Amino acid sequence: MSKAECATTNLKRRLCIHRCAFRLHGLFNPRALGSYLCLAALVATATAAATTTSAHASSAWSRQQTGTMAWLHAVYFLDQERGWAVGGNGALLSTRDGGRNWVSMRRPTEDALRDLYFADEREGWLVCERSIYLLKEKDEPRTYLMNTRDGGASWRRVDVSGMDRDARLVRALFTPEGRAWAFGEAGVLYATRDGGQSWVRQRVPTHHLLLGGAFLNGAEGWLVGAGATLLRTSDGGETWRASTIRGLGEVRFTAVSFVDRWRGWAVGGGGRVFATTDGGQTWRAQASNTIADLYDVRFLNAMEGWAVGAEGTVIHTTDGGRRWAREASGTTHPLERLFFVNRERGWAVGFGGTIIAYAPTAPKRAPQLKQPK
C-alpha cells in the first residue's frame with residue numbers, strides 16, 4: 001500500500017470516529033461539526049492524492065510477452081494489428097493482434113537481423129549481418145539483404161552487387177515509390193530505384209558510421225551518424241550536404257525524425273536532442289532531461305514526439321521538444337527501436353526479447369465523497 005493510500009485509510013478511520021461523536025453530541029454541537037467537516041476535507045484531499053499517485057505510477061507503456069530472449073533490433077507495423085520484430089540469431093516474430101500474442105516464425109537465417117521493412121502484408125525486406133567469426137570464405141560479404149513475397153513464410157537472399165565484402169549495413173529506408181537506401185559503417189550508402197532488385201553505391205561526405213535516417217519521399221532525406229554527422233539530400237541521394245554544429249564534439253547521432261521538409265529532430269549519445277526548423281541547415285539543442293544514450297526518435301506531428309534509449313529510457317514531448325518528460329517504460333533493458341502507427345499505438349523493442357507497447361487510457365476519476373445525511 002502506498003503512503004497516500006495509508007494516509008487515506010487512517011483518515012477514514014478517524015472520520016468514522018468523529019462521525020459517531022458528531023451524532024452523539026447532536027447536530028448543533030459546533031465543535032463536533034467543525035471537526036467532522038475538517039476531517040472530511042482531509043479525506044477528500046488524501047483520496048485525490050492517492051489517485052494522482054496511482055495515475056503517475058501506472059504508465060501507458062506495458063510489457064508484451066515475446067517468448068524469446070533475443071536482442072531485438074527493429075520493429076515494423078503495417079497497422080494497429082499486423083507487425084513484425086527481428087533480432088539476433090535470425091529471430092523473427094510476428095503478430096496479428098497488436099502484440100497481445102507474438103509468434104516466432106521460421107528463422108530465415110542464423111545471422112543477426114538488423115532492420116526490416118514491409119511494403120504490405122506479403123512484401124518485406126531484412127538487413128542481415130554475419131558475425132566476422134562465422135565467415136567461411138575470405139571474399140564472403142559480411143552484410144546482405146533478404147526479401148519475402150509471402151509475408152515471411154520464405155525468404156530469398158539478395159546480395160548487393162559490387163559491395164565491399166567488409167562493408168557493414170545496419171539500416172534500410174524504403175519509400176512507397178519503390179526507392180530505398182541501405183547504409184552503415186564507414187559512410188557506406190547504397191540506393192535502389194526498382195524496389196530492391198538492384199543497388200548502386202552513392203557517395204556521402206563522411207567516413208563515419210551512419211546509424212539513422214529519414215526520407216519524406218524519393219528525393220528529400222537525411223542521414224545521421226557518428227562524428228556528429230548530419231547530412232541532407234534533396235535529389236534522392238545523388239548529392240549530400242553536411243550540417244555542422246559548432247562546439248558539439250564527437251557526439252554520435254543515432255536517429256532522426258522529420259515531420260515535413262523543414263522541421264526535424266536528431267538524438268544521440270548522452271541524452272542529446274537537437275532540432276531544426278530550416279531543413280537541417282542549422283540545429284539547436286533541446287533539454288531532454290536525461291543523460292542516457294538515446295537510440296531512436298519518432299515525431300507524430302510538429303508538437304508530439306517520443307525517444308527511447310539505454311536503461312529502458314522513454315521520453316515524451318507535446319510541445320515540439322521545448323519540454324521533454326520521462327515516461328515509465330516498465331523495463332531497464334536498452335530500447336533500440338521505436339515505431340508508431342498513429343498517436344494512440346506504438347511499440348519499442350530492445351535487449352532480452354523486450355517489446356513494450358503504448359496504448360494510452362483515459363485517466364480515472366477520483367471517487368466522490370458522499371455528503372453526510
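Everything below is about the structure printed above this text.
Below is a short write-up of the structure. These figures come from a predicted structure and were not determined experimentally.

### Examining the overall build of the protein chain
Turning to step 1, where the next piece is worked out: A tally of regular secondary structure across the protein chain gives two helices and 28 strands.
Turning to step 2, where the next piece is worked out: Surface exposure of the protein chain reaches about 18700 Å², of which carbon and sulfur atoms provide 52%.

### Digging into the sheet that holds strand S9 (residues 156–158)
Turning to step 1, where the next piece is worked out: Taken in spatial order, the four strands make up an open sheet running S6-S7-S8-S9, and their pairing is antiparallel. This sheet does not close on itself; its edge strands, each paired only once, are strand S6 (112–118) and S9. Neighbour-to-neighbour, the strand axes of the sheet open up by a mean angle of 30°, direction not taken into account.
Turning to step 2, where the next piece is worked out: Note: strand S8 (residues 143–148) against S9, three bridges, orientation antiparallel. Bridging from a neighbouring strand, Asn 147 pairs with Arg 156 of S9.

### Some thoughts on the sheet that holds strand S24 (residues 314–317)
Turning to step 1, where the next piece is worked out: Read across the sheet, four strands follow the order S22-S23-S24-S25 without closing on themselves; strand pairing throughout is antiparallel. For this open sheet the edge positions go to strand S22 (294–299) and strand S25 (325–326), each flanked by a neighbour on one side alone.
Turning to step 2, where the next piece is worked out: Pairing of strand S23 (residues 305–309) with S24 involves four bridges; the strand directions are antiparallel. Bridge assignment links Ala 307 to a residue of S24, and that residue is Ile 315.

### Thoughts on the pattern of salt bridges
Turning to step 1, where the next piece is worked out: If you walk through the whole model with that rule in mind, you get 20 salt bridges.
Turning to step 2, where the next piece is worked out: Between Glu 238 and Arg 193 there is a salt bridge, and its shortest N-O distance comes to 3.6 Å. Placement of Glu 238 in the loop between strand S16 (229–233) and strand S17 (241–242) and of Arg 193 in the loop between strand S12 (189–192) and strand S13 (200–201) is noted, with a sequence separation of 45 residues between them.
Turning to step 3, where the next piece is worked out: Look at Arg 193 and you get exposed, because its relative accessible area is 57%.
Turning to step 4, where the next piece is worked out: Its salt-bridge partner being Arg 261, residue Glu 220 comes within 3.1 Å of it at the nearest N-O pair. Within this pair, whereas Glu 220 is found in the loop between strand S14 (210–215) and strand S15 (221–225), its partner Arg 261 is found in the loop between strand S18 (253–258) and strand S19 (264–268), the two being separated by 41 residues in sequence.
Turning to step 5, where the next piece is worked out: Given a relative accessible area of 12%, Glu 220 falls into the buried group.
Turning to step 6, where the next piece is worked out: Judged by its relative accessible area of 39%, Arg 261 falls in the partly exposed class.
Turning to step 7, where the next piece is worked out: Here the residues in one salt-bridge network are Arg 114, Glu 129, Arg 142, Arg 168 and Glu 185, joined through shared partners.

### Details of the pairing of strand S28 (residues 354–358)
Turning to step 1, where the next piece is worked out: Summarising burial for S28: five of the five residues are buried, a large majority.
Turning to step 2, where the next piece is worked out: Going residue by residue along S28, you find Thr 354, Ile 356 and Tyr 358 tucked away on one face and Ile 355 and Ala 357 tucked away on the opposite face as well.
Turning to step 3, where the next piece is worked out: Across four bridges, the pairing between strand S1 (residues 61–64) and S28 is antiparallel. When the sheet's bridge partners are listed, Gln 64 is paired in S28 with Ile 355.
Turning to step 4, where the next piece is worked out: Strand direction decides the pairing type here: strand S27 (residues 345–350) and S28, joined by five bridges, are antiparallel. Residue pairing for S28: Val 349 is matched across the bridge by Ile 355.
Turning to step 5, where the next piece is worked out: Adjacent in sequence and paired antiparallel, S27 and S28 are bridged by three residues, among which Gly 352 carries a positive phi angle near 65°.

### Some remarks on the environment of Asn 342
Turning to step 1, where the next piece is worked out: Mapped onto the elements of the fold, Asn 342 is located in strand S26 (residues 335–342).
Turning to step 2, where the next piece is worked out: When the C-alpha atoms of Asn 342 and Gln 80 are compared, they prove to be 8.3 Å apart, with 262 residues separating the residues in sequence.
Turning to step 3, where the next piece is worked out: Leave out the neighbours within four places in its chain, and Asn 342 touches Gln 80 and Leu 300.
Turning to step 4, where the next piece is worked out: Within the local environment of Asn 342, its side chain forms a polar contact with the backbone nitrogen of Glu 344, the two atoms lying 2.9 Å apart.

### Structural notes on the pairing of S15
Turning to step 1, where the next piece is worked out: Buried residues dominate S15, accounting for five of its five residues.
Turning to step 2, where the next piece is worked out: Here S14 hands over to S15 after five residues, the two strands then running antiparallel side by side.
Turning to step 3, where the next piece is worked out: Where S15 folds back on S16, the antiparallel hairpin that results is connected by three residues, among which Gly 227 adopts a positive phi of roughly 65°.

### Structural notes on the packing of aromatic side chains
Turning to step 1, where the next piece is worked out: Taken as a whole, this structure holds 22 aromatic pairs when the rule is applied.
Turning to step 2, where the next piece is worked out: With a centroid separation of 5.4 Å and 80° between ring planes, the pair formed by Trp 61 and Trp 306 is classed as edge-to-face. A residue pair is termed long-range when its members are at least 10 positions apart, and Trp 61 in strand S1 and Trp 306 in strand S23 qualify at 245 residues. An identical accessibility class is assigned to Trp 61 and Trp 306; each is buried.
Turning to step 3, where the next piece is worked out: Of the aromatic side chains, those joined through ring pairs into one cluster are Tyr 76, Tyr 117, Trp 125, Phe 174 and Phe 339.
Turning to step 4, where the next piece is worked out: Just above the ring of Tyr 144 sits the side chain of Arg 157; from NZ or CZ to the centre is 3.8 Å.

What counts, and at which threshold
- Residues numbered from 1 in each chain as written.
- Predicted model: local features only at pLDDT ≥ 70, side-chain atom pairs only at ≥ 80, totals over all residues.
- Heavy atoms only, no water.
- Helix = DSSP H or I, 4+ residues; strand = E, 2+ residues; numbered from the N terminus.
- Areas by Shrake-Rupley, 256 points an atom, 1.4 Å probe, with all protein chains shown as cover.
- Pairing = 2+ DSSP bridges.
- Axes fitted to C-alpha atoms, helices over the stretch in contact; angles between N-to-C directions.
- Salt bridge = Lys/Arg side-chain N within 4 Å of Asp/Glu carboxyl O.
- Buried < 20%, exposed > 50% of the residue type's maximum accessible area, 1.4 Å probe, protein only.
- Contact = heavy atoms within 4.5 Å.
- Polar contact = N/O pair within 3.5 Å; in protein donor to acceptor, adjacent residues only side chain to side chain.
- Phe/Tyr/Trp six-rings, centres within 6.5 Å; stacked < 30°, edge-to-face > 60°.
- Lys NZ or Arg CZ within 6 Å of the ring centre and 35° of its normal.

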